[in-house]
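# Architecture at a glance
One letter stands for each residue in the lines below.
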Amino acid sequence: MTINATALKDVGAGPARNKNLEGGSGTSPAAPRRGRWSSPWLDFALRRAGGLLLSLMILVVITFMIVPLIPGDPAVAIAGTDATPAAVEALRERMGLNDPMGVRFVDYVGGLLQLDLGTSFRFGLPVTDIVAAKLPFTAQLAVLAIAVVLLVSIPVGMAVGILTRGGRNRWLDVTFANVAGFLASLPGYVVGTLLIVVFAIMWPVLPAGGADSLSALVLPTAALALGPTAAVARVVRRETSTVLEQDYMRTARGRRLPAARLYLRHALPNLMTSTLTLTGLILASLLGGAIIVETVFNYPGIGSEIIQAIIYRDYPVIQGIILTVGLIATLLTLLVDIVLGLIDPRTLGSKTHG
């Protein structure tokens, strides 16, 4: 757990220097010397670059191999059941489905190297255009959801941790743990269905689908954010309890610092490492969850598009969407690791973060 240096300054404590161990220059003789070009950030960048490259290679192989496992013939799905065998065969030849797997993989990788995701079987349009048209809707929904997660889970988790400090309000601790655990376990599509029943049918105050207005974003955002909010709030509550029992926090309370300064300036920064680590995982999962939630609310994002692509066996669209979502999730994880490194430089040397 990171100890806030400002807190040590406020409570009159500071890191003691052992003069017997330090030389005249103030540096320890036992401290390892780094190379001229070595630094924590450089090591971090090299590790993450290698990990990112490996992740992309695995993602490319998975997106190529998973599509042929989908049952059905894309030519039949697109041409229709009334099409003649000759017409279906001609369509298969035009879409390259008769080529050997090795040839198709080489063509697939070659297209990716040119930033070409292929052409949709169904529409005859570049997949990049389809993804570019649908992705902003999904990104908007995911950003709103993560904003709700952070703005709700951190204050609620901290408040419960403060109120239950030292075994106080045991009933609140038990109730919060049970309710948060239950909400965190609910799938997004179940929450979405319940929200539609309550707020669009029984009490029609919000639209049940679409993206025609800002009010149409309320229910899908709530469905997507409810479970992650409960999960992060549980972590924040546990970390708050741990931080409040640290010696520097006890000393700060003894100095009777104002509550806002005590909790927001000294306790909150020490919660952020664990909270951001979990938030990074949730960011990646929100993209996958958004695909399901979008289907429930008929939201015009990549979720609805990939469902239609699966129905029509539109392989390039399926591959393009999965590859795009996987790449974004990987980059979001990298971004969270960078933020963690700025908050706590010790995480730069951790293989779990780097």
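Residues numbered from 1 in each chain as written. Predicted model: local features only at pLDDT ≥ 70, side-chain atom pairs only at ≥ 80, totals over all residues. Heavy atoms only, no water.

What counts, and what does not: UniProt positions are given in the numbering used here, feature names are shortened, and annotations may be inferred rather than shown by experiment.
An unreviewed UniProt entry lists the protein under the name ABC transporter permease, from Citricoccus alkalitolerans. Taken verbatim from the UniProt record of the protein, the Subcellular location (unreviewed entry) comment is "Cell membrane". The Sequence similarities (unreviewed entry) comment attached to the protein in UniProt states, word for word, "Belongs to the binding-protein-dependent transport system permease family."

### With respect to the UniProt feature "transmembrane region" (unreviewed entry) in the protein
Put simply, the rule is: Helix numbers and strand numbers start at the N terminus; a helix is a DSSP run of H or I with at least 4 residues, a strand a run of E with at least 2.
As recorded in UniProt, the sites labelled "transmembrane region" (unreviewed entry) are residues 49–70, 141–164, 176–202, 214–236, 271–297 and 317–343. Helix makes up 93% of residues 176–202 and strand 0%, whereas the separation of the span's terminal C-alpha atoms amounts to 28 Å. For residues 214–236, the end-to-end C-alpha separation is 30 Å, with 83% helix and 0% strand making up the annotated structure.

### Re a negative patch on the surface
Heads up, the condition is: Patch construction takes residues with relative accessible area above 30% that form no salt bridge. Like charges are linked within 9 Å, and nonpolar side chains (Val, Leu, Ile, Met, Phe, Trp, Tyr) are linked within 5 Å. Surface accessibility follows the Shrake-Rupley procedure with a 1.4 Å probe radius. Residue values consider only the protein chains on display as shielding. The working definition used for a salt bridge is a side-chain nitrogen of Lys or Arg within 4 Å of a carboxyl oxygen of Asp or Glu. Just so you know, the count uses Lys and Arg for positive and Asp and Glu for negative, and it drops His and the chain ends. In this description, the location of a charge corresponds to atom NZ of lysine, CZ of arginine, CG of aspartate or CD of glutamate.
Taken together, the side chains of E89, E93, D99 and D107 present a region of like negative charge at the surface. Turning to its location among the elements, D107 is positioned in helix α5 (residues 101–113).

### Digging into the layout of surface pockets
Note the following rule: The method works on a 1 Å grid over the protein atoms by themselves. A cavity is a set of points holding a 1.4 Å probe that cannot get out, a pocket is an open set with protein on both sides within 12 Å along at least five of seven lines, and residues with an atom within 4 Å of a point line them. Grid points are joined across faces, edges and corners, and a volume is the space filled by probe spheres set on the points. The residue classification treats Ala, Val, Leu, Ile, Met, Phe, Trp, Tyr, Cys and Pro as nonpolar and Asp, Glu, Lys and Arg as charged. All others, Gly included, are polar.
In this structure, the largest pocket spans a volume of roughly 520 Å³. Around the largest pocket, the lining is made up of 23 residues, and of these M95, G118, F121, P316 and Q319 lie nearest the centre. Secondary-structure elements contributing two or more residues to the lining of the largest pocket are α4 (85–95), α5 and α13 (315–343). With five residues, the single largest contributor to the lining of the largest pocket is α5. A breakdown of the residues in the lining of the largest pocket according to their chemical character gives eleven nonpolar, seven polar and five charged. Around the second largest pocket sit 15 residues that line it, and L112, L115, L117, L323 and L327 are the ones nearest its centre. Among the secondary structure elements, those contributing two or more residues to the lining of the second largest pocket are α2 (40–66), α5 and α13. Each residue belonging to the lining of the second largest pocket can be placed in one class, and the counts come to 13 nonpolar, two polar and no charged.

### Structural notes on the packing of α2 against α5
Let me state the cut-off plainly: Between the N-to-C directions of two axes lies an angle of 0 to 180 degrees, each axis being a line fitted to C-alpha atoms and, for a helix, fitted only over the stretch in contact. Here is the rule for angles: anything less than 35 degrees is roughly parallel, anything more than 145 is roughly antiparallel, 65 through 115 is roughly perpendicular, and the remaining ranges are oblique. Put simply, a crossing is left-handed when the front helix is turned counterclockwise from the back one by less than a right angle, and right-handed when it is turned clockwise. The contact criterion used is simple: two residues touch if any of their non-hydrogen atoms lie within 4.5 Å.
Across the interface, α2 lies against α5 with an axial gap of 11 Å and an inter-helix angle of 135°. Put simply, α2 runs oblique to α5. Considering how the two elements wind past one another, α2 and α5 form a crossing that is right-handed. Taking contact as the criterion, the partners of V60, V61, T63, F64 and M65 in α2 are, on α5, M101, R104, F105, Y108, V109 and L112. Here the contact of α2 with α5 is built from residues that sort into nine nonpolar, one polar and one charged.

### Here's the deal with helix α8 (residues 188–202)
What sets the pattern is the α-helix's 3.6 residues per turn: residues three or four places apart point alike. The test is simple: A helix's residues, less one, multiplied by 1.5 Å, set its expected span. Burial classes: relative accessible area under 20% of the type maximum marks a residue as buried, over 50% as exposed, and values in between as partly exposed (1.4 Å probe, protein chains only).
In a regular helix each residue adds 1.5 Å, so 15 residues correspond to 21 Å; α8 covers 20 Å between its end C-alpha atoms and thus fits that length. Of the positions making up α8, those classed as buried are V191, G192, L195, I196 and A200.

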